[in-house]
Amino acid sequence: MTASTDQQVQARQRWISVLAKADSEQLQQLWQQCLMQLGAAPDYQFIRKPESGLTMLRGRIGGSGQPFNLGEMTLTRCALRLESGTLGVSYIQGRNHQHALLAALADALLQQDEHDLIQRQLITPLASQQRADREARDSASADTKVDFFTLVRGED
Amino acid sequence: MYVAVKGGEKAIDNAHALMAKRRRGDTGIAELSVEQIRQQLPLAVDRVMNEGSVYDPQLAALALKQASGDAVEAIFLLRAYRTTLPRIGYSEPLDTEAMQIERRVSGTFKDLPGGQILGPTYDYTHRLLDFSLLADAQAEGAEEAAESADSKLAVEVEACPRVLELLNKEGLIENSRQPDEADQVPGDLTRQPISYPADRALRLQNLARGDEGFLLSLSYASMRGYGDSHPFAGEMRCGRVTVELVPEELGFPIEVGEVQLTECEMVNQFHGSKEQPPQFTRGYGLVFGYSERKAMSMALIDRSLRCEELGEQVLYPNQDQEFVLSHSDCVSANGFVSHLKLPHYVDFQSELEMIRRLRSESVEVQSGDNATEQPEAEA
């Protein structure tokens, strides 16, 4: 794999992650705004209609040892082809078919001319929301940080 | 042998309608929504996801609503539903070290890198009923929480490396893998039934979906003396972990979402064997959601089931993998116990006849005995 395709793959991994972790309602709202700027809804053909199933989650023994099967998680996937021939793919936790469809459409558009528009209107706001949510959780946890001390401290 | 029965359709329909009515309760009281259950009874939802073995909080909340809050019935519903869905591959092994920590405590090390974070917990509460919850007074608490979040915006949680491996420079705690060990494909008991002896990966899969009460009681017994267990909670962490998988059509890993997990590492005293020096050995628990009791019980039983591998004698039920693994599943256990409620008329009739026959035979024998004894008595 050349350096540039490596970078392309990494960029695609990033937006796929943002789309998958997005709140479905926020994704839907931002998508409506994208549609207004695109002028028309993109034409596409399904390669695979949104389909829900289960993926088996694996853990590792002791956290870092041999893998084991922990339990399943619901997952929805979708694949489609734009008129231009670009393929869009999505794998989304949960059972929301609309979410999977929009994520696959966005994945396809992000690989062609519409990249900058979708990146700006969809991925950037979704990513900043996810970052803010994460920081809020971190902040709430940090408030409960504790320093226990033993009554007789051996090291003193 | 069970002989099928027919009929009763009308009565069964009416019984189900009555159950639905009872589930709804007083219609003068607002109906619970699935989202309310998911948001406000999250620990019940987590238990259903764990033993139902499907991570989907909405489905688990729906199952709880449908089951009138009966965890085992809800777990059964979720297990039944999962059989209707296709399997879409396996995830990459979850990286719990990269967890976004919401809670992390250690019972063995006071000062650990990243610190101890209590997170949301019922520990240290006085277990006094809070009668203010009887009134609709929850709004105040919510405002307070929002304020404290605002005032502390830029606080960061430091990286939290895994305690046991970090503090194992002296080699006093066993490693979870050898340096050059390659990953093996673990067995999957949803595809292939367990055969004994089962390896550790398969045992952990069984324990992760095992009944919380069963595992809790067994682990309690192992600490009380029915097992040679002297455990410490090395580390317990709760938080969010990203799920990655490699779709065939892409060929590279992608992130598909996040799951809430609880992980527990127990350390146990081990006096050593012919092959191994005295050291601390480890038991591991990993479960969905906030489920500390389950994670700890799983870790304790994981360790007690390693007795043969560590050259210890199997003396108690919690060390006997066939005993533990084949009785841990609440759906199986509930099914077998509950089936006794079904009509066993033919079955019971035959036993009834057998008892009658035995009785009449013993009466005959007795009266025969009496007949022979009688003359002697008279003599």
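Note that the structure is a prediction, hence the values are computed from the model and not measured.

## Observations concerning unusual backbone geometry
All names here are of chain B.
- In this chain, Tyr196 is followed by Pro197 through a cis amide linkage whose omega measures 0°.
- Mapped onto the elements, Pro197 comes out in the loop between α7 (163–166) and α8 (200–208).
- Even without being glycine, Tyr124 reaches a positive phi, approximately 70°.
- For Tyr124, the location among the structural elements is in the loop between β4 (116–117) and α6 (138–151).
- Backbone geometry places Arg127, a non-glycine residue, at a positive phi of 55°.

## Here's the deal with the side chain of B:Asp211
- The topology assignment puts B:Asp211 in the loop between α8 and α9 (212–224).
- In contact with B:Asp211, not counting residues within four places along its chain, are B:Arg47, B:Glu51, B:Ser328 and B:Cys330.

## Considerations on helix α3 (residues 42–52) of chain B
- Those residues of α3(B) not exposed but buried are B:Val45, B:Asp46, B:Val48, B:Met49, B:Asn50, B:Glu51 and B:Gly52.
- Looking one or two residues beyond α3(B), the residue adopting positive phi is B:Ser53, at roughly 60°.

## Some points on the pairing of strand β5 (residues 231–245) of chain B
Residues and elements named next belong to chain B.
- As defined by bridge partners, strand β3 (residues 100–105) adjoins β5 across five bridges and the pair is classed as antiparallel. Looking at β5, one finds that Arg104 is bridged to Arg237.
- Relative to strand β6 (residues 254–270), β5 runs antiparallel, the two sharing 14 bridges. Bridge pairing links Arg237 to Glu263 in β6.

## Focus on the domain arrangement of chain B
Residues and elements named next belong to chain B.
- On domain assignment, one finds that chain B holds domain 1 (13–82) and domain 2 (96–123 + 153–176 + 190–334).
- The straight-line distance from the C-alpha centre of domain 1 to that of domain 2 is 28 Å.
- Of the roughly 1500 Å² buried at the junction of domain 1 and domain 2 (both faces included), carbon and sulfur atoms supply 55%.
- Together, Asn50, Tyr55 and Arg79 form the three largest contributors to the area buried by domain 1 at its contact with domain 2, with a combined 41%.
- At the surface where domain 1 touches domain 2, the tally comes to two salt bridges.
- Across the domain 1-domain 2 interface, the total number found is seven residue pairs in polar contact (both at pLDDT 80 or more).

## Things to note about the interface of chain B and chain A
- Counting residues at the interface gives 78 residues for chain B, matched by 55 residues for chain A.
- Here chain B packs against chain A, burying approximately 6200 Å² in sum over the two surfaces, 54% of which is carbon and sulfur.
- The interface formed by chain B and chain A includes seven salt bridges.
- The salt bridge involving B:Asp56 is made with A:Arg95; its shortest N-O contact spans 2.8 Å.
- Put simply, chain B and chain A have 40 residue pairs in polar contact (both at pLDDT 80 or more) between them.
- Per-element accounting of the side of chain B that touches chain A gives the leading share, nine residues, to β6(B).
- Residues belonging to the side of chain B that touches chain A are distributed by class as follows: 37 nonpolar, 18 polar and 23 charged.
- Examined bridge by bridge, strand β1 (residues 44–60) of chain A and strand β2 (residues 87–93) of chain B share three bridges and lie parallel to one another.

## Some remarks on the nonpolar core
- In this structure, A:Leu19, A:Trp31, A:Leu122 and B:Leu261 are the most contacted members of the largest nonpolar core, which totals 99 residues.
- If you tally residues by element for this core, the top one is helix α3 (residues 97–109) of chain A, at nine residues.
- Split by domain, the residues of this core number at least three in each of domain 1 (13–82) and domain 2 (96–123 + 153–176 + 190–334) of chain B.
- Among residues more than four places away in sequence, those in contact with A:Leu19 are A:Leu27, A:Ile92, A:His99, A:Ala103, A:Ala106, A:Asp107, A:Leu110, A:Leu122, A:Ile123 and A:Leu126.

Cut-off values and rules
Residues numbered from 1 in each chain as written. Chains lettered and ligands numbered in written order. Predicted model: local features only at pLDDT ≥ 70, side-chain atom pairs only at ≥ 80, totals over all residues. Heavy atoms only, no water. Helix = DSSP H or I, 4+ residues; strand = E, 2+ residues; numbered from the N terminus. Contact = heavy atoms within 4.5 Å. Buried < 20%, exposed > 50% of the residue type's maximum accessible area, 1.4 Å probe, protein only. Pairing = 2+ DSSP bridges. Domains from an automatic or database assignment. Buried area = accessible area lost by both parts, 1.4 Å probe. Salt bridge = Lys/Arg side-chain N within 4 Å of Asp/Glu carboxyl O. Polar contact = N/O pair within 3.5 Å; in protein donor to acceptor, adjacent residues only side chain to side chain. Nonpolar A, V, L, I, M, F, W, Y, C, P; charged D, E, K, R; others polar. Core = buried A, V, L, I, M, F, W, Y, C linked by side-chain atoms within 4.5 Å.

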